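The chain contents come next:
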Amino acid sequence: VSREQIEKGQAFTVKYIAEDVIDSPLNNGASDVDSWWNENKSKFDPAWHDAIRKDFVDADGPVVRNQWQKDLTEYEYNYVYSPNETRISDRNIKVNEVYYSDRGMLVFKTNYDYTAKVPTPNGIGYEKISGDYVVGLTPSDKNDSGWVISHYSSKYDVTDFINPVK
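A regular strand places its side chains so that they alternate between the two faces of the sheet. Pairing between strand E1 (residues 88–100) and strand E2 (residues 106–120): 10 bridges, direction antiparallel. Directly across from Tyr99, in E2, lies its bridge partner Val107.

Here it is as structure tokens:
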């Protein structure tokens, strides 16, 4: 694997985490999965399309959705993606490790943290969220990066919440 291929893989991975994991149009149903999938399936290994698409429907899948908020009636969070309004600030994505696995994948181990703007009945609140994300890529001509996602794993935690008081 050349340095240029690794750089393209890293750019592809970081953009995917920023746009499809952290601040996804799938947040709380702002976009339907079928529309999103039709636009984005070229990012994923065709051999895994069925499993990956199913995972994106699942509330425990790779998208940071914070579905738990919908059940908190005392706050009535509105954590929905908007293409016209910035919701994420202080976003940091760090690539900690890059290696080529014995299964033929270029693997990126990352961690991230960011602050999310969360409208509440009392005004704008802010969540601080941190997480880890691992992406395994395989070579492909399905998109401009030269890679497709063949594996991913994620975990995240809300580390702080600032709730406005009326």
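There is more to say after this.
For the structure shown, the criterion picks out 4 salt bridges. Taking the shortest distance from any N to any O, the salt bridge between Asp34 and Arg53 comes out at 2.2 Å. Of this pair, Asp34 sits in helix H2 (residues 33–40) while Arg53 sits in helix H3 (residues 49–57), and the two are 19 residues apart along the sequence. Overall, Asp34 belongs to the partly exposed group, its relative accessible area being 44%.

Turning our attention to unusual backbone geometry. Here the phi dihedral of Asp90 falls at roughly 50 degrees; this positive angle occurs in a residue that is not glycine. Here Asp90 shows up in strand E1. Judged by its relative accessible area of 53%, Asp90 is exposed.

Below, the discussion takes up the sheet that holds strand E4 (residues 147–162). Strand order in the open sheet formed by 4 strands is E1-E2-E3-E4, and the pairing between neighbours is antiparallel. Of all strands in the sheet, those bounded by a partner on one side alone are E1 and E4. Along the sheet, successive strands turn relative to each other by an average axial angle of 15 degrees, direction set aside. Across the face of the sheet, helix H1 (residues 3–22) comes into contact with E1, E2, strand E3 (123–139) and E4 while running at roughly 140 degrees to E1.

Thresholds applied
- Residues numbered from 1 in each chain as written.
- Predicted model: local features only at pLDDT ≥ 70, side-chain atom pairs only at ≥ 80, totals over all residues.
- Heavy atoms only, no water.
- Pairing = 2+ DSSP bridges.
- Helix = DSSP H or I, 4+ residues; strand = E, 2+ residues; numbered from the N terminus.
- Salt bridge = Lys/Arg side-chain N within 4 Å of Asp/Glu carboxyl O.
- Buried < 20%, exposed > 50% of the residue type's maximum accessible area, 1.4 Å probe, protein only.
- Axes fitted to C-alpha atoms, helices over the stretch in contact; angles between N-to-C directions.
- Contact = heavy atoms within 4.5 Å.

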